[in-house]
Protein chains: 2
Amino acid sequence: MSNPSTPPNKEVNIRAGVEDLMKRRFFITPAFQIYGGVAGLYDYGPPGCAIKANLISYWRQHFANYEDMLEIDCTALTPEIVLKTSGHVAKFADFVVKDTVTGACYRADHLLEGHIEKLLVDKTLSEEKIKEYKHILSRAGDAPQDELAEMLTKYAVKAPDNGNPISAPVPFNLMFQTQIGPTGQLQGYLRPETAQGIFVNFKRLLDFNGGRLPFAAAQIGNSFRNEIAPRSGLLRVREFTMAEIEHFVHPDRKNHPSFPEVANIKTYLLTAKSQGTTKEVVEMTFGDAVAQKVINNETLAYFMCRTQLFLHTVGIKPERMRFRQHQSNEMAHYATDCWDAEIHTSYGWVECVGHADRSCYDLKVHSDKSQVPLVAFEEFKDGPKTVDVFDVKVEKGLIGKTFKGNAKEPLDFLAELSNNFDKALNFNKELEANGKVTIKPSNTDYVITKDMVTLKQAQKKISGENFQPHVIEPSFGLGRIIYSLLEHSYYVRDGDEQRCVLALPPIIAPVKTSLLPLTGSEKLAPFVARINRLLKDAGISAKVDETGSAIGRRYARTDEIGIPFAITVDFDTVENQTVTLRERDTTKQVRVPITEVAQLLKQLCENMLEWKDVLAKYPAYVPTSEN
Amino acid sequence: MSNPSTPPNKEVNIRAGVEDLMKRRFFITPAFQIYGGVAGLYDYGPPGCAIKANLISYWRQHFANYEDMLEIDCTALTPEIVLKTSGHVAKFADFVVKDTVTGACYRADHLLEGHIEKLLVDKTLSEEKIKEYKHILSRAGDAPQDELAEMLTKYAVKAPDNGNPISAPVPFNLMFQTQIGPTGQLQGYLRPETAQGIFVNFKRLLDFNGGRLPFAAAQIGNSFRNEIAPRSGLLRVREFTMAEIEHFVHPDRKNHPSFPEVANIKTYLLTAKSQGTTKEVVEMTFGDAVAQKVINNETLAYFMCRTQLFLHTVGIKPERMRFRQHQSNEMAHYATDCWDAEIHTSYGWVECVGHADRSCYDLKVHSDKSQVPLVAFEEFKDGPKTVDVFDVKVEKGLIGKTFKGNAKEPLDFLAELSNNFDKALNFNKELEANGKVTIKPSNTDYVITKDMVTLKQAQKKISGENFQPHVIEPSFGLGRIIYSLLEHSYYVRDGDEQRCVLALPPIIAPVKTSLLPLTGSEKLAPFVARINRLLKDAGISAKVDETGSAIGRRYARTDEIGIPFAITVDFDTVENQTVTLRERDTTKQVRVPITEVAQLLKQLCENMLEWKDVLAKYPAYVPTSEN
């Protein structure tokens with residue numbers, strides 16, 4: 001797990017170090033702390049907020065702009081009908097148990113796991129028992145209600161804080177509810193994912209794209225999940241920023257034109273099959289993975305590879321990420337194939353980006369419920385076809401007179417017959433035979449008689465057909481990536497346990513350079529002001545530290561919040577208009593003319609220049625000491 | 001109201017044109033439309049989303065980065081205690097009336113206004129009546145519950161849709177409620193503003209800033225208001241993005257070091273006084289406004305000016321914006337001075353940015369409630385002072401034994417005496433006189449006897465003192481600015497009513513250039529691909545249109561979504577490696593070498609070059625026709 005590009009980690013407790021740093025330098029903090037805080041809610045302080053903004057900006061560049069995706073921005077408030085249709089109202093739940101004395105709530109599977117883990121500590125357990133307990137651990141997260149209830153009873157699980165008895169597990173929906181409007185009659189939820197906003201806008205997106213497929217829509221925004229008992233710090237929170245892509249394709253053509261560009265890139269895969277057997281991670285190219293049908297299709301594999309490139313660029317260590325395929329019992333029934341990008345942290349492997357082929361599920365359920373056909377149109381390859389249809393001639397006046405205010409339903413039903421040959425054929429047979437047909441489009445019966453409608457078989461030329469696109473969805477949890485990034489980039493300087501460093505890539509670093517006058521001398525101040533203006537004009541964020549602490553101490557303060565470069569203004573600056581430029585990880589310094597430093601930093605921060613190029617071009621500067 | 005920099009508007013109905021354009025080109029659309037939509041909820045489609053992202057990005061550059069503000073990112077979910085303390089739970093409400101037959105809800109003041117406006121249509125009204133009605137119109141929005149009830153009764157206001165009787169007005173809190181966590185016991189709200197997140201983090205922000213004042217914190221994020229009856233399209237919505245700044249200053253020093261830089265800039269002011277009398281808007285410099293005490297202080301005026309510069313740069317027409325001062329009846333009791341930046345639209349003057357001097361209200365109420373002192377420390381100018389204090393020696397053991405589990409309260413009370421000379425003096429007098437003192441820190445009485453505590457008067461050197469900073473708050477509603485921007489930049493080309501244009505500045509335009517092959521010829525395609533790559537590498541977003549429509553039609557399509565430039569690849573491109581570059585508002589074209597076009601556009605879009613410079617440098621290109 002070492003990484004040659006950064007100095008080796010000392011044996012420190014990474015998590016404790018990162019958490020102390022996050023708190024001390026206000027990266028991320030529990031929200032509403034002056035009032036005792038609320039579990040699962042966190043605020044981003046200035047460095048955390050800047051890292052998040054940089055991550056979003058690079059995500060937009062790497063995904064949305066690079067692939068010409070249609071980025072949209074939908075509301076978090078969502079009416080019930082949307083989430084009922086998507087299945088979230090019925091199924092987006094975890095199981096909760098209650099302490100029957102205090103009323104405290106626990107997540108049932110976590111409680112069971114905690115209990116079993118304690119049992120496993122016992123060194124005298126038989127191999128059989130160990131196997132039994134490990135089986136329970138692997139089942140707890142996916143077990144249905146009755147199985148979970150049975151296991152909690154079997155192992156006599158109690159409330160962990162006080163040993164009180166607990167209730168049987170019941171499902172608890174994880175969506176936050178609220179009422180929209182003053183009447184209290186419109187039930188709403190805070191969205192648990194951004195994806196639904198894209199699906200309900202599909203028709204407009206397709207129009208915007210000139211009716212052409214494939215295309216991808218993207219959205220960056222906050223989602224909300226009312227976790228039963230948030231734990232694991234930033235990894236399971238109740239409000240979080242997601243970035244989601246919905247790539248719409250023809251169901252029969254999931255190849256991707258840019259796939260050849262990435263086919264030779266290697267990756268680590270933990271397949272569904274291997275999870276049940278060897279648990280081995282295989283290293284292979286995305287091209288081989290598709291060819292050998294390990295990954296279902298090119299488009300899914302293409303996005304997995306783009307995700308991998310993204311994560312590597314922002315600072316996730318390649319050897320600490322992998323893709324884990326969903327096993328059949330964790331995958332939704334409609335999904336074809338799912339792979340989670342997992343990142344290794346002190347909490348173990350953490351799911352950070354989901355990649356799912358969701359087939360046509362979402363568009364289909366919303367089409368059915370809303371009666372708005374969310375379909376695309378495709379011309380036949382070999383020219384127009386002639387098909388059998390029925391011409392339907394409706395006596396609207398008579399139907400209006402007969403059914404009055406309800407006439408719309410039977411009118412819609414009859415109009416639809418011209419689009420559905422089989423349905424029209426059956427309808428017509430019955431009409432011819434009985435002189436009438438009783439229809440029931442929703443809840444009401446309507447008797448249609450021969451004088452209301454005439455059907456005549458005919459032929460029609462059609463140029464193509466409608467189809468329901470499939471969707472491939474990469475879905476990013478940005479908070480989890482940020483936390484992982486902090487762990488991966490944290491290290492302690494060799495020989496000095498007090499000096500921790502965040503080796504964040506310049507593109508993600510919260511501030512690009514520090515700007516330090518060597519002393520408080522009045523001679524240096526105008527140079528600091530001038531350079532600060534040059535940096536601002538070039539769009540390079542700078543943190544000026546004029547506190548007068550020893551220069552080494554000031555470097556240490558900027559190292560630990562991940563600032564990659566430091567400009568020091570000293571008395572040579574006054575003499576020859578040059579400054580020293582220091583790089584955080586090597587701690588090497590060069591002397592650079594004032595007039596060149598802003599452009600140099602801009603190139604370094606946009607990944608157009610490497611530090612070694614700077615070392616080669618400019619004279620080295622060797623300070624007497626960093627302390 | 002004409003603007004010399006853009007072609008004059010034809011006499012068109014701007015609002016209808018903008019709304020048609022927004023819908024047709026998917027700028028902004030009612031959310032969940034396939035399910036009939038939800039009032040007050042809107043989604044941003046690709047061009048709207050890009051405009052919003054550009055606006056946010058420029059806001060960050062113009063405010064947060066330029067002034068080294070501390071940007072943070074807090075949760076929207078907020079526990080009740082925070083919003084009770086801020087006053088929102090008690091007071092953030094509008095009055096609602098119900099149709100007593102159907103149950104439909106209406107905002108009481110709007111209903112009254114609508115009713116009175118209808119009465120005013122009558123041409124035969126006496127002058128006295130007209131005066132009476134106009135008075136009602138000016139009162140409706142600010143009237144308290146009983147006055148509103150009286151007016152609704154007096155004018156016999158009914159439900160507007162059906163003439164049904166209505167209930168008396170009752171307050172309806174505008175915050176969305178929800179429960180946090182599974183027990184249902186933690187009442188939460190969606191924040192109605194982002195500011196509270198900054199106030200509750202004040203202590204950490206001050207620490208991050210090295211304890212120094214003044215400093216500003218900033219936040220960009222979504223807020224939620226459960227409007228009773230959203231109307232006016234995008235101007236009154238239930239979920240919206242805000243950008244807020246909280247600038248913390250010493251109460252006695254509201255001057256601003258950068259004020260001289262902006263003092264000579266002119267602005268339009270509608271003062272509180274003039275609203276009651278002449279209703280005249282005065283033009284004056286910010287410097288004069290502060291000198292003549294029209295604007296309360298330099299810091300408030302400085303931010304108003306920065307807001308004005310921001311709005312002008314993003315495309316708001318200078319002659320269609322002004323600052324309106326709050327009248328005393330609309331200002332919160334704690335506020336010192338408030339000015340709204342108002343923008344003129346087809347809906348009239350719209351409040352888009354509030355500027356308020358909120359004094360120390362927010363920090364004080366949160367300090368009092370949380371018992372965490374949200375204060376800053378300042379050293380005395382003339383060195384340390386010697387002050388009288390009491391040394392307080394507490395017999396902790398005895399107090400612990402006496403009060404057991406409740407001992408913390410009296411212990412805290414006694415410890416606090418060493419910080420409050422007067423309180424200690426009184427306490428000690430009573431203790432000396434009676435041998436005991438009964439204290440009641442919150443709900444419980446404690447009898448403190450002489451053996452529990454000894455007070456001795458002494459002197460202490462102190463270097464400075466704590467104080468509660470004041471806060472000056474500029475607060476931006478981004479959706480309102482975006483809608484105003486669309487109205488201000490919309491025009492119809494002279495002589496062609498079908499061709500509408502959005503004259504958005506390049507910095508805000510959703511896409512920076514279009515890229516058009518003149519024909520579908522295979523010879524042109526490789527040039528399009530090459531230029532697209534050059535543009536992407538330079539970070540210039542481009543929309544390729546290869547549909548083969550007439551070039552004039554394709555220009556028109558890009559004009560109406562505000563794309564400022566167009567590159568056309570023609571057969572001369574194949575010959576001499578140049579393209580035509582067209583500017584949207586002048587429709588003038590030049591020929592530019594392929595190798596220079598990306599950098600040229602980058603400079604144009606970053607406001608480092610003007611179109612007239614391009615016209616001067618490159619050879620003009622005169623096409624035969626745009627159609």
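Residues numbered from 1 in each chain as written. Chains lettered and ligands numbered in written order. Predicted model: local features only at pLDDT ≥ 70, side-chain atom pairs only at ≥ 80, totals over all residues. Heavy atoms only, no water.

Where do I start with the environment of A:Ile116 in this structure?
Residue and element names in this part refer to chain A. Here isoleucine 116 lies in helix α5 (residues 108-120). Sequence-wise, isoleucine 116 and leucine 411 are 295 residues apart; in three dimensions their C-alpha atoms are separated by 62 Å. Apart from residues no more than four positions distant in its own chain, isoleucine 116 is found in contact with Tyr133, Ile136, Leu137 and Tyr155. (Helix = DSSP H or I, 4+ residues; strand = E, 2+ residues; numbered from the N terminus. Contact = heavy atoms within 4.5 Å.)

It is not clear to me how the interface of chain A and chain B should be interpreted in this structure. Could you clarify?
How big an interface is tends to be expressed through the accessible area that disappears when the partners come together. Chain A puts 71 residues into the contact, and the matching count from chain B is 71 residues. Looking at the side of chain A facing chain B, the largest losses of area belong to A:Ile34, A:Tyr35 and A:Arg204, adding up to 13% of the total buried there. Seen at the junction of chain A and chain B, the total is four salt bridges. B:Lys536 is the partner of A:Asp68 in a salt bridge, and the nearest nitrogen-oxygen pair spans 3.6 Å. With seven residues, helix α2 (residues 46-65) of chain A is the largest single contributor of residues to the side of chain A that touches chain B. (Buried area = accessible area lost by both parts, 1.4 Å probe. Salt bridge = Lys/Arg side-chain N within 4 Å of Asp/Glu carboxyl O.)

How should I be thinking about the packing of α2(A) against helix α18 (residues 478-489) of chain A in this particular structure?
In helix packing, the relevant descriptors are the interaxial angle and the interaxial distance, both defined with respect to the helix axes. Residue and element names in this part refer to chain A. Following both chains from N to C, one finds α2 and α18 inclined at 115 degrees, their axes separated by 11 Å at the closest point. The angle between the axes of α2 and α18 places the two elements in the roughly perpendicular class. In terms of crossing hand, the pair formed by α2 and α18 is right-handed. When α2 is examined against α18, the residues Ile51, Lys52, Leu55 and Ile56 are found in contact with a partner set consisting of Leu478, Ile481, Ile482 and Leu486. (Axes fitted to C-alpha atoms, helices over the stretch in contact; angles between N-to-C directions. Parallel < 35°, antiparallel > 145°, perpendicular 65-115°, else oblique. Left-handed = near helix turned anticlockwise from the far one by under 90°.)

Sorry if this is basic, but what is going on with unusual backbone geometry here?
Leaving glycine aside, a negative phi is the common case for residues, and trans is the common case for peptide bonds. A cis amide bond, omega -10 degrees, links A:Leu213 with the succeeding residue A:Pro214. Mapped onto the elements of the fold, A:Pro214 is located in the loop between α9 (202-208) and β10 (215-224). One non-glycine residue, A:Asn607, lies in positive phi territory at about 60 degrees. Note on placement: A:Asn607 falls in the loop between α22 (594-605) and α23 (611-617). Taking the relative accessible area as the measure of exposure, A:Asn607 reaches 47% and is therefore partly exposed. One non-glycine residue, B:Phe32, adopts positive backbone phi at about 60 degrees. Among the secondary structure elements, B:Phe32 is positioned in the loop between β1 (28-30) and β2 (42-44). What makes B:Phe32 buried here is its relative accessible area of 4%. (Buried < 20%, exposed > 50% of the residue type's maximum accessible area, 1.4 Å probe, protein only.)

Which parts of the structure should I look at to understand the relation of the copies chain A and chain B?
Look at the two chain copies: a rotation about an axis and a shift along it is all it takes to match them. Mapping chain A onto chain B calls for a rotation angle of 180 degrees and an axial translation of 0.0 Å; the resulting RMSD is 0.2 Å. Within this description, the copies of the chain are treated as partners about a two-fold rotation axis. Closest to the rotation axis within chain A is the C-alpha of A:Thr178, separated from it by 2.8 Å. A shared interface surface links the copies, since 100% of the contact residues of chain A are contact residues in chain B too. (Least-squares fit on C-alpha atoms with pLDDT ≥ 70 in both.)

I'm lost on the sheet that holds strand β29 (residues 578-583) of chain A in this one. Help?
Either a parallel or an antiparallel arrangement is found when strands of a sheet pair, and the pairing is made through backbone hydrogen bonds. Residue and element names in this part refer to chain A. Ordered in space as β27-β26-β28-β29-β30-β31, the six strands form an open sheet in which the pairing is mixed. Since the sheet does not close on itself, it has two edges, and those belong to β27 (542-544) and β31 (620-621), each with one partner. Pairing of strand β28 (residues 565-569) with β29, which is carried by four bridges, proceeds in the antiparallel orientation. Note that in β29 the partner of isoleucine 567 across the bridge is leucine 581. Contacts from helix α19 (residues 525-537) reach β26 (513-517), β27, β28 and β29 within the one sheet, and its direction differs from that of β26 by about 165 degrees. Helix α20 (residues 551-559) rests against β26, β28, β29 and β30 (589-593) of the sheet, and its axis sits at about 165 degrees to β26. (Pairing = 2+ DSSP bridges.)

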